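# A look at the structure
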Amino acid sequence: ATSFATEQNSVLTYSVLSTVTEHTTFLGGKTNVTLSGSTLQLSASQTTGTYDFNSMIDLTTAKKVRVTVSIASAVFNPSDTIDARTANIDTWTTFDGTISGIGVGDCRVFVRTTQTDPAGAPTWTEWQRLDSAEFSARGFDFKAVLTTTDTAYNIGVTALSAVAAEVV
């Protein structure tokens, strides 16, 4: 298993203005992704899928904020189950499934912003990748792109959120 964290050490103090949490229901738009229980994953035989967040952030006025995304995901082999195995059990290298190779799957979040009311007729910026960044905007729209380089593997997302915070 691998874990990545974005440290945000700062001499400044931030206050959370808004949070968008998509898990565990993932009610947003889905293209080539499905919901299995409370896990968002690629649909069968797909190498790329998109999840459009159900909610946006509207700060009601344009503000300078730091937006940070949080993702919990794992790459897995859906076919590596006891019932799917045909080899003699004595030849198995592991009993409870294999661990995926490095770089097999990924989940990346993208954001676009607007200076106007996002519920009206906004003019959005182009999509840009987001881990953590500072913006001056009123509205924020998010999407997650799930990918795998091998259709034998899938990626499951169990937590997905974005937070907008301003300097106090």
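Scroll up to find the structure this text is about.
Residues numbered from 1 in each chain as written. Predicted model: local features only at pLDDT ≥ 70, side-chain atom pairs only at ≥ 80, totals over all residues. Heavy atoms only, no water.

Of the two faces of strand S5 (residues 48–52), the one lined by Gly49 and Tyr51 is fully buried and the one lined by Thr48, Thr50 and Asp52 carries no buried residue. Judged from the three bridges that link them, strand S2 (residues 29–31) and S5 form a sheet pairing that is antiparallel. In the sheet register, Gly29 faces S5, and the bridge partner there is Asp52. (Buried < 20%, exposed > 50% of the residue type's maximum accessible area, 1.4 Å probe, protein only. Helix = DSSP H or I, 4+ residues; strand = E, 2+ residues; numbered from the N terminus. Pairing = 2+ DSSP bridges.)

A word on the nonpolar core. Judged by nonpolar contacts, the single largest core of 27 residues is most densely connected at Phe140, Phe142 and Leu146. Broken down by secondary-structure element, the contributors of at least two residues to this core are strand S4 (39–42), strand S6 (57–76), strand S7 (105–114), strand S9 (132–148) and strand S10 (154–167). For this core, the element with the most residues is S9, which contributes six residues. In this structure Phe140 touches Met56, Ile57, Leu59, Val65, Val67, Val111, Arg112, Thr113, Trp124 and Phe135, once residues within four positions along its chain are discounted. (Core = buried A, V, L, I, M, F, W, Y, C linked by side-chain atoms within 4.5 Å. Contact = heavy atoms within 4.5 Å.)

Right, let's talk about the pattern of salt bridges for a bit. Between side chains of opposite charge, pairing is possible as soon as their charged atoms come close. This model, assessed by the stated rule, comprises five salt bridges. Notably, a salt bridge pairs Arg108 with Asp106, separated by 2.7 Å at the nearest N-O pair. Here Arg108 falls in the partly exposed class, since its relative accessible area comes to 36%. Residue Asp106 is classed as partly exposed on the basis of its relative accessible area of 26%. (Salt bridge = Lys/Arg side-chain N within 4 Å of Asp/Glu carboxyl O.)

Take the environment of Thr61 next. Structurally, the position occupied by Thr61 is in strand S6. If we ignore the near neighbours within four places in the chain, the residues touching Thr61 are Ala137 and Arg138.

Our next topic: the packing of aromatic side chains. Under the definition given, this model contains four aromatic pairs. Ring geometry for Phe53 against Phe142: centres 5.4 Å apart, planes inclined by 40°, an arrangement best described as tilted. Residue Phe53 is found in the loop between S5 and S6, and its partner Phe142 is found in strand S9; the two are separated by 89 residues along the sequence. Residue classification places Phe53 among the buried positions, given a relative accessible area of 6%. Judged by its relative accessible area of 1%, Phe142 is buried. Arranged with centres 5.8 Å apart and planes meeting at 70°, the rings of Phe135 and Phe140 form a pair that is edge-to-face. Here the aromatic cluster, defined as three or more aromatic residues joined through ring pairs, consists of Phe26, Tyr51, Phe53 and Phe142. Lys143 extends its terminal NZ or CZ atom over the ring of Phe110, reaching a point 6.0 Å from the ring centre. (Phe/Tyr/Trp six-rings, centres within 6.5 Å; stacked < 30°, edge-to-face > 60°. Lys NZ or Arg CZ within 6 Å of the ring centre and 35° of its normal.)

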